[in-house]
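Residue-level listing of the chains:
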Amino acid sequence: MSHTTFTAPRSSPGSPREARGLPSLGPEGTALLRLLDDTFERWGVAAGARPMTMPPLLPAADLRRLDYYENFPHQAVVATAIEVDRRGEFCAETGCFPCSTLQPADLGLPSASCYAVYLDHEGREVADDTLVTVVGWCFRKEERYEGLRRQLGFRMREIVALGSREHAESHLCDSSDRITAFARALDLPLRKEAACDPFYDKGGSKAVLQRLSPVKHEFLYEDLAIASVNTHRNFFGDRCSITLAGTGGPAFTSCVAFGLERWLSALTRRHGSWAAATEAVHAARDRLSPVGPGV
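Residues numbered from 1 in each chain as written. Predicted model: local features only at pLDDT ≥ 70, side-chain atom pairs only at ≥ 80, totals over all residues. Heavy atoms only, no water.

## Topic: the overall build of the chain
Consideration 1: Within the chain one finds 10 helices and 12 strands.
Consideration 2: Counting only residues that meet the buried cut, the chain has 46% of its 295 residues in that class.
Consideration 3: Taking contacts inside the chain between residues at least 6 apart in sequence as the whole, the part at least 24 apart equals 73%.
Consideration 4: For the chain, the exposed surface amounts to about 14500 Å²; the carbon and sulfur share of it is 53%. (Helix = DSSP H or I, 4+ residues; strand = E, 2+ residues; numbered from the N terminus. Buried < 20%, exposed > 50% of the residue type's maximum accessible area, 1.4 Å probe, protein only. Contact = heavy atoms within 4.5 Å. Areas by Shrake-Rupley, 256 points an atom, 1.4 Å probe, with all protein chains shown as cover.)

## As for the sheet that holds strand 12 (residues 252–259)
Consideration 1: Pairing in this open sheet of seven strands is mixed, and the strands run 1-6-7-12-10-9-8 from one edge to the other. Whereas interior strands pair on both sides, the edge strands pair on one side only; in this sheet they are strand 1 (50–51) and strand 8 (191–195).
Consideration 2: The sheet contact formed by strand 6 (residues 129–139) and strand 7 (residues 153–163) spans 11 bridges and is antiparallel. Its bridge partner being in strand 7, Cys-138 is matched across the sheet by Phe-154.
Consideration 3: Sheet contacts for helix 2 (residues 27–46): strand 1, strand 6, strand 7 and strand 12; angle to strand 7, the most-contacted strand, approximately 5°.
Consideration 4: Here helix 9 (residues 260–271) sits on the sheet in contact with strand 6, strand 7, strand 9 (216–221), strand 10 (224–233) and strand 12, set at roughly 145° to strand 10. (Pairing = 2+ DSSP bridges. Axes fitted to C-alpha atoms, helices over the stretch in contact; angles between N-to-C directions.)

## Things to note about the packing of aromatic side chains
Consideration 1: The tally for this structure, following the rule as stated, stands at 15 aromatic pairs.
Consideration 2: Between Phe-90 and Phe-97, the aromatic rings sit 4.9 Å apart at their centres with planes inclined by 70°, giving edge-to-face as the arrangement.
Consideration 3: Judged by its relative accessible area of 38%, Phe-90 is partly exposed.
Consideration 4: Looking at Phe-97, the relative accessible area reads 33%, which means it is partly exposed.
Consideration 5: Measuring from ring centre to ring centre gives 5.9 Å for Tyr-115 and Phe-236, while their planes differ by 85°; the resulting arrangement is edge-to-face. Taken together, the residues span a long stretch of sequence, with Tyr-115 in helix 5 (residues 114–120) and Phe-236 in helix 8 (residues 235–239) at a distance of 121 residues. (Phe/Tyr/Trp six-rings, centres within 6.5 Å; stacked < 30°, edge-to-face > 60°.)

## Comments concerning the pairing of strand 7
Consideration 1: For strand 7, a buried count of 10 out of 11 residues is recorded, marking the element as mostly surrounded by other parts of the structure.
Consideration 2: In this structure, strand 7 lies alongside strand 12, joined through eight bridges in antiparallel fashion. Within the sheet, the bridge partner assigned to Leu-162 lies in strand 12 and is Thr-253.

## Structural notes on a nonpolar patch on the surface
Consideration 1: Taken together, Phe-90, Phe-97 and Leu-102 make up a surface patch of nonpolar side chains, about 230 Å² in accessible area.
Consideration 2: Along the polypeptide, Phe-97 turns up in the loop between strand 3 (77–79) and strand 4 (107–109). (Patch = residues over 30% accessible without salt bridge, like charges linked within 9 Å, V, L, I, M, F, W, Y side chains within 5 Å. Salt bridge = Lys/Arg side-chain N within 4 Å of Asp/Glu carboxyl O.)

## Observations concerning the side chain of His-121
Consideration 1: You can see His-121 is positioned in the loop between helix 5 and strand 5 (125–126).
Consideration 2: Judged by its relative accessible area of 1%, His-121 falls in the buried class.
Consideration 3: For His-121, the contacting residues outside a window of four places in its chain are Arg-50, Met-52, Val-126, Val-132, Leu-162 and Ile-242.

## Describing helix 9
Consideration 1: For helix 9, spanning 12 residues, the distance from its first C-alpha to its last is 16 Å, which sits close to the expected 16 Å at 1.5 Å a residue.
Consideration 2: Of all the 12 residues making up helix 9, 11 are buried; the element is thus mostly covered by neighbouring parts of the structure.
Consideration 3: Of all the positions in helix 9, only Leu-260, Glu-261, Arg-262, Trp-263, Leu-264, Ser-265, Ala-266, Leu-267, Thr-268, Arg-270 and His-271 are classed as buried. (Expected span 1.5 Å × (residues − 1).)

## Re the confidence of the model for the chain
Consideration 1: Predicted confidence across the chain gives a mean pLDDT of 89, with 87% of residues reaching 70 or more.
Consideration 2: Here residues 9–13 is a poorly scored stretch, pLDDT under 50, and it has four contacts once near neighbours within four places are set aside; other chains count.
Consideration 3: Within the model, the stretch residues 208–212 combines pLDDT values under 50 with nine contacts to residues more than four positions away or in other chains. (pLDDT = per-residue confidence, 0-100.)

## A few points about helix 10 (residues 274–288)
Since the α-helix packs 3.6 residues into each turn, any two residues three or four apart lie on the same face.
Consideration 1: Helix length check: helix 10, at 15 residues, gives a terminal C-alpha distance of 21 Å against a target of 21 Å (1.5 Å per residue), a fit within 8%.
Consideration 2: Among the residues of helix 10, Trp-274, Ala-277, Ala-280, Val-281, Ala-284, Arg-285 and Leu-288 are the ones counted as buried. Viewed end-on, helix 10 has its buried residues packed into an arc of 130°, placing them on one side of the element. Facing away from the buried surface of helix 10 by more than 90 degrees, the exposed residues are Ala-275, Glu-279, Asp-286 and Arg-287.
Consideration 3: The inward-facing, buried residues of helix 10 contact helix 2, helix 6 (165–185) and helix 9. (Arc of directions from axis to C-beta.)

Here it is in C-alpha cells:
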C-alpha cells in the first residue's frame, strides 16, 4: 500500500487564526473527528464507563490546588471578563485588551479533560471499579502552532478510572492493548514511549518515584503523540478527597487520552485524504468488532 503526504484544507492558508493555533475543520474533517470520538467513547462505555459532560472552564483556584500552575505554567491559559467601563481602551494595534482593562483572571482553561472529572468527584466515595468518559475542549499555550498537529484549542476524549490501584493499572493495560490493535488495523505505525509530565512536585519524593517508574506513556505517529496512558497513583484521590469505598483511603486514578485533531493529522498523513482516512477507520472498526465489543 502506498501512502502520500496530505495537507488538511484550511479556511485561508496562512491566516492569522491558524497562526494562533485556531484552525477550522470542514465537513469531511468534522465527520471523521466525530467517527473517531464515537469509536473511543464506545471503548469506554463497553468497559463500563459512564459518559459525562464537563464544563469547559474550571476555577483557577481549583487547578492551583492540583499543582497545575506549578507543573504546567508554560501551557496555562486563563480567562476573565473585561471591565465594561474600560472597554474603549482596546488596543487596535495589538488586537488585545490591556491587562488594566480586565478583571482578575479567576478561570482556567484546562490542558486535559480529566481535571474536571477529579474535581467533579471531590469529597465523594467511589467504587473500586469506577470509570468515566468525557470529551472536552482543551487549551495549551505552545511555542508554535502547526495545523491540526499543535493547536491552542483542541478536543480530547478521555476514559478515566477511579478506584483501586489494581483497577487503575488494569485500565491502562487494557487500553494500551486496544490502542495497539486499533493502530494495527488502521495500518498506522505507532511507537509507545515513556514521557515525563510532572503531575507531582518536581522536587518531592513522588517526583523521584516518577523518574524511577514513569507515570505517562505516549503513542506517537512519527514525532506526534496522538494518545497517552497516564497513572496518577493516589495524587488526585488525595488532593480531591476522593475516597475508595470500603477502605476510606484515597482512590487511585488513571486516564487514557486521545487528541482528536492529532488523530486526524496522523490518519490523513498516512492515508492521503479525508476519504481514505475515513474508510480506514470504518474498516478497522469492522475488523475489530468481533473480538472486542464497542470498537
